[in-house]
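Residues per chain, in single letters:
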Amino acid sequence: MLSIKNLHADVDNKSILKGVDLEVKAGEVHAIMGPNGSGKSTLANVLAGREGYQITQGEVTYNGHDLLDLSVEDRAREGIFLAFQYPVEIPGVSNLYLLKAAVNSIRKYRGLDEMPAVEFMKLIRDKAKLVDMKPEFLQRSVNEGFSGGEKKRNEILQMAVLEPALAVLDETDSGLDIDALKIVAGGVNALRHEERAIIVVTHYQRLLDYVVPDYVHVLADGRVIRTGDKSLALELERHGYTEMSEAAASAIEARAVS
Amino acid sequence: MGSSANEIDHLVKREYKEGFVTDIESETLPPGLSEDVVRIISTKKNEPEFMQDWRLSAYRNWLKMREPKWASVHYSAIDYQAISYFSAPKQQAGPQSLDEVDPKLLETYEKLGIPLEEQKVLAGVAVDAVFDSVSVKTTFTDKLAEAGVIFCSISEALQMHPELVRQYLGSVVPAGDNFYAALNSAVFSDGSFVYVPKGVRCPMELSTYFRINAMNTGQFERTLIIADEGSYVSYLEGCTAPMRDENQLHAAVVELIAMKDAEIKYSTVQNWYPGDEEGRGGIYNFVTKRGVCRGSNAKISWTQVETGSAITWKYPSVLLEGDNSVGEFYSVALTNNRQQADTGTKMVHIGNNTSSTIVSKGISAGHGQNAYRGLVKVLKGADRARNYSQCDSLLMGDRCGAHTFPYLEVKNPTAQVEHEATTSKIGEDQLYYCRQRGLSEEDAVSMIVNGFCKQVFRELPMEFAVEAQKLLDVSLEGAVG
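What you are looking at is a predicted structure, and each value in this text was computed from that prediction instead of being measured.

Enquirer: So what about the pattern of salt bridges? Which residues, and what values?
Expert: Applying the stated criterion across every chain, the model contains 29 salt bridges over all chains. The salt bridge involving K314 of chain B is made with E306 of chain B; its shortest N-O contact spans 2.4 Å. Each member of the pair K314 of chain B and E306 of chain B is classed as buried. One salt-bridge network, in which partners are shared between bridges, spans E51 and E73 of chain A together with R435 and E441 of chain B.

Enquirer: Any details on the environment of V359 of chain B? Residues and values, ideally.
Expert: Residue and element names in this part refer to chain B. Tracing the sequence through the fold places V359 in strand 19 (residues 355-364). Assessed through its relative accessible area of 2%, V359 is described here as buried. Taking the C-alpha atoms as reference points, V359 and E420, separated by 61 residues in sequence, lie 9.6 Å from one another. Excluding its chain neighbours within four sequence positions, the residues that come into contact with V359 are F329, Y330, S331, Q390, Q455 and V456.

Enquirer: Explain helix 6 (residues 178-190) of chain A to me, and be specific about the residues and the numbers.
Expert: All names here are of chain A. If you check helix 6, its first and last C-alpha atoms are 18 Å apart, about what 13 residues at 1.5 Å a residue would give, namely 18 Å. Here helix 6 has its buried residues at A180, L181, V184, A185, G187 and V188. All buried residues of helix 6 project into a common sector of 155° when viewed along the axis, lining one side. Elements that come into contact with the buried residues of helix 6 comprise helix 4 (117-130), helix 5 (148-162), strand 9 (166-170) and strand 10 (197-202).

Enquirer: Let's hear about the side chain of N104 of chain A: which residues, and what values?
Expert: All names here are of chain A. Along the chain, the position of N104 falls in helix 3 (residues 95-109). Given a relative accessible area of 12%, N104 falls into the buried group. A distance of 2.9 Å separates a polar side-chain atom of N104 from the backbone nitrogen of M115. Look past the residues within four positions of N104 in its chain and what remains in contact with it is E114 and M115.

Enquirer: Residue-level account of the packing of helix 2 (residues 35-44) of chain B against helix 3 (residues 49-63) of chain B, with values.
Expert: Residue and element names in this part refer to chain B. Packing of helix 2 against helix 3 brings their axes to within 10 Å, and their N-to-C directions diverge by 155°. As the angle between them shows, helix 2 and helix 3 are arranged roughly antiparallel. In the packing of helix 2 onto helix 3, the handedness of the crossing is right-handed. When helix 2 is examined against helix 3, the residues E35, V38, R39, I41, S42 and T43 are found in contact with a partner set consisting of Q52, R55, L56, Y59 and R60. A class-by-class count of the residues in the contact of helix 2 with helix 3 yields four nonpolar, three polar and four charged.

Enquirer: Give me the sheet that holds strand 3 (residues 29-33) of chain A: which residues, what numbers.
Expert: Residue and element names in this part refer to chain A. Spatial strand order, 6-9-10-3-11-12: six strands in an open sheet with mixed pairing. The open sheet has two edge strands with one neighbour each: strand 6 (80-83) and strand 12 (223-228). On average, adjacent strands in this sheet sit at an angle of 20° to one another, irrespective of strand direction. Examined bridge by bridge, strand 3 and strand 11 (residues 215-220) share four bridges and lie parallel to one another. The partner of M33 across the bridge, within strand 11, is V218. Packed onto the sheet, helix 1 (residues 40-48) meets strand 3, strand 6, strand 9, strand 10 and strand 11 and runs at close to 145° relative to strand 9.

Enquirer: Lay out the packing of aromatic side chains with the relevant residues and their values.
Expert: For the structure on display, the rule yields 20 aromatic pairs over all chains. Through pairs of rings, three or more aromatic residues link up here, namely Y59, W62, W70, Y75, Y80, F179, Y180, Y284, F286, W313 and Y315 of chain B. Residue placement shows R140 of chain A over the ring face of F137 of chain A; its charged tip is 5.1 Å from the ring centre. In this structure, R55 of chain B is placed above the aromatic ring of F188 of chain B, and the distance from its NZ or CZ to the ring centre is 4.2 Å.

Enquirer: So what's going on with the nonpolar core? Residues and values would help.
Expert: With 104 residues, the main nonpolar core has L2, I4 and I199 of chain A together with I363 of chain B as its most contacted residues. Take this core: its biggest share by element is nine residues, from helix 10 (residues 441-457) of chain B. Residues in contact with I199 of chain A, not counting those within four places in the same chain, are L2, V24, H30, I32, L47, L166, A167, V168 and L169 of chain A. Core analysis: the next-biggest nonpolar cluster, separate from the first, contains 56 residues, F50, A71, V73 and I257 of chain B among them.

Enquirer: Give a description of helix 8 (residues 179-187) of chain B that names residues and reports values.
Expert: Note on helix geometry: an α-helix contains 3.6 residues per turn, so any two residues three or four positions apart are oriented the same way. Residue and element names in this part refer to chain B. Buried residues dominate helix 8, accounting for nine of its nine residues. Within helix 8 the residues assigned to the buried category are F179, Y180, A181, A182, L183, N184, S185, A186 and V187. Its side-chain oxygen 2.9 Å from the backbone nitrogen of Y180, N178 forms the N-cap of helix 8.

Enquirer: Help me get a handle on the sheet that holds strand 4 (residues 53-62) of chain A, residues and values and all.
Expert: Residue and element names in this part refer to chain A. On the basis of which strands lie adjacent, the open sheet formed by four strands has the order 2-1-4-5 and antiparallel pairing. Only two strands of the sheet have a single partner each, and these edge strands are strand 2 (14-24) and strand 5 (65-66). Of the pairings in the sheet, the one linking strand 4 to strand 5 comprises two bridges and is antiparallel in character. Each residue of the ladder has a partner; that of Y62, found in strand 5, is H65. Contacting strand 1 (2-11), strand 2 and strand 4, helix 1 runs over the sheet at an angle of about 110° to strand 1.

Calculation notes
- Residues numbered from 1 in each chain as written.
- Chains lettered and ligands numbered in written order.
- Predicted model: local features only at pLDDT ≥ 70, side-chain atom pairs only at ≥ 80, totals over all residues.
- Heavy atoms only, no water.
- Salt bridge = Lys/Arg side-chain N within 4 Å of Asp/Glu carboxyl O.
- Buried < 20%, exposed > 50% of the residue type's maximum accessible area, 1.4 Å probe, protein only.
- Helix = DSSP H or I, 4+ residues; strand = E, 2+ residues; numbered from the N terminus.
- Contact = heavy atoms within 4.5 Å.
- Expected span 1.5 Å × (residues − 1).
- Arc of directions from axis to C-beta.
- Polar contact = N/O pair within 3.5 Å; in protein donor to acceptor, adjacent residues only side chain to side chain.
- Axes fitted to C-alpha atoms, helices over the stretch in contact; angles between N-to-C directions.
- Parallel < 35°, antiparallel > 145°, perpendicular 65-115°, else oblique.
- Left-handed = near helix turned anticlockwise from the far one by under 90°.
- Nonpolar A, V, L, I, M, F, W, Y, C, P; charged D, E, K, R; others polar.
- Pairing = 2+ DSSP bridges.
- Phe/Tyr/Trp six-rings, centres within 6.5 Å; stacked < 30°, edge-to-face > 60°.
- Lys NZ or Arg CZ within 6 Å of the ring centre and 35° of its normal.
- Core = buried A, V, L, I, M, F, W, Y, C linked by side-chain atoms within 4.5 Å.

Pasting the structure below:
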C-alpha cells in the first residue's frame, strides 16, 4: 500500500529525514519509535503533505501512485488520515459540522452524493461510542476547551468516521493518562482491519502494550536503524535510544571500514 | 511555510459581482453645494416648508464644522464641491405601480437578486428600493397598511405623514450631531420611513436596498424608524454600487425610536464597492446610526455585516433611556486589499437596570485595516447597568492590521461592565488540519471564518444569514489551484 524509498526531507534547509525506507501493506500495524528530533513527526507530516518540507531525494508511492504529487486534501480523499499530535482548535465550528464537511468532501471526490443527514447522524453516534464520547461533545466547537485526552479521542473519532485506508497516528499517546490511553487504544484496535494499514508514531513503548504492532521500526537521526517485531519495542524500553543509536552507528562504521 | 502568505493572498482575491452600471437616463444636479442646491433638492421633492428650513439650518451648521479626523482611517481630502448632490432616474416621481417603473431599473434589481415583483420576492419581506437619490419602488405597502404599519420612502412620508416626520426627524441624531450627519441633514434625498403603531407586531420583515449608480454622485439617505409602545419590527438594509475608479461618498443617517416595550431589530448587510486591489475607487461609507430606547423595557438590536466600502466609519449606537431597556450590537467587519474600517458602537446607559451587549468580529486580510472603536457610558443616575463587550479580531496573512479601542466611562458604582478581546490569526495549522480531513482550502477558510462570525450570524434573520455567509465567501473567494 505504502512504499517509502530513500526519502530525504529538509525543513528550513536543515536535513531531517536522511534516507527513510519503509514498506507497509494493508492489514498491518507498524510502530515507528525514536527519540525526540529523530524525524518521526516530520515523516508523519511529509506523508500527509504538510507544506514547508522540501523533499530532496527519494520517493513515496501509495497504492501504486506517486503520493508526493498530491495536495494535502487529495491525499486525505485518497484515504490517508493523520491523527495530529496537537489537534487544532477551530472556534465556532462544531465537531459535527467539521465531520460532515469532511465526509462529504471525500464522498464528492469519490463521485458519491452527500450522505443523507439521518444516515450521517447514525454513523456519528455509532462511532462516538467507540471512543466513549457523549453526544453533546459533537455540538462543541472543534477541540476548543477540550482536555488533552478529549482532543486525542476526538482524533480517533474522526478517524473512525472517515475510515481511512492508511492512518498515521502521530504521538497519539502523548499527554494521556492510563484511562484515556486505554480508550484511545481501544478505538484504534476496533479500527484494525485487513484492508487498513496503521502507522503508530510514538516515543514510548506504553501505547504498544495496548495496540500491538506487527512491526516496530526505530528511527534515529532521520533513518530507520532497526526493524523488528514487538519485542524490539521492549528491548528499546530496556536499553534506551542512545545505546541502540550508538550500536547502529558503529555497525554502519564497521561496514564502511570493511 | 513561506508559501502560506501567497496562498492566503489568493484566497482573499475578491470578485465584486455587483459592479455593473445601469445605462439609464438620469437627471443629475451639477456638482457643487450651496444654499441654492439645498433649496433645489427640497423644492424638487415638493417638501413642506419646515423641512426646507431644517435643511438650510443644517447646511449653515455644516459650513462651520470640520471633518472628524480621529478615526483610524486614511484618505485624501474630499472635495465637497466636486460631488453631485442629487441624481434620479428620469421618470415620474411618487408612488406608482410596477408597470410604470422603468424596466431597466427592474432589471437592475433583478440582477442584484432583489426582484421587485411582489410574487417573486422572498416570502415575508417587503422591500423599498432606493436608486441613487430616490426610492423607485416599495413593495407590499398595502398589505402592511392593513396592519397599520407605514412603510414608504421618506419623501413620501413627508407628503403623507409630515407631522410624524416633523416630530421624530433629528430627535435622535440632531442636524448638527457631527460633520456627516449635518451634511446629510442638509442634502438627504431619500431613504425609508417606518412607523409601527402601538401593540403591532410588524407582519413581515422590512428591507431597503440602496444602490448607487450615477458617477460622481454622493448618496445621502435618511432612514427613520419608529416603533410605538409594545410593537416589534425587524428591518434590513443592503447596499451595492458599480465599480468605478473614483471614490464616492455615502453619508447616511439612521434614527431608531423604540417606545415602551417596543423592539427594533436592525440588520445591515453592507456590500458597497470596496475599490480594487490597489485601493482605487470604492465607497466612503460615513454613516451615523443611532437608536433610542425611549420607554421602559424597550430593546434595540443592531446587527451588521460590513464587507464592502473603501472606508467604513460607523458606530450604530443605543441611548438606553428607559428603565430595563436593552441595547445590542453584533458586528462582522471584513477588510481586504486596501479597505479600512473604523467601526463599533456607543452604548449610553441612562435609565436603571439597563443592559447592553457588544459582540464585534473583525476580519482583516490583504492590506486591510480594521478598527473596533466602542464606548460604554454609564451615567451617574443609571443604577445597576450591565454591559458585556467582546471584540475578536481575525487576521489573514501578515500585512493586515487589527486595532481595538474600547472606551469606558462609568459614573455609577453599581454598574457591571465586562470586556473581552482576542486576536487570532487564521492559522496555517487550522487550514492544514481541515485539509487533512479532506476539505479544500477554500472550504476550510470559509468554514473557519464562518465559525468566527457565528455569534453574529445567528442574530440575522435566516434568509439574510445565508446571504451574509455567501457574501463573506465571495469576499474571500480566490483562484485556489
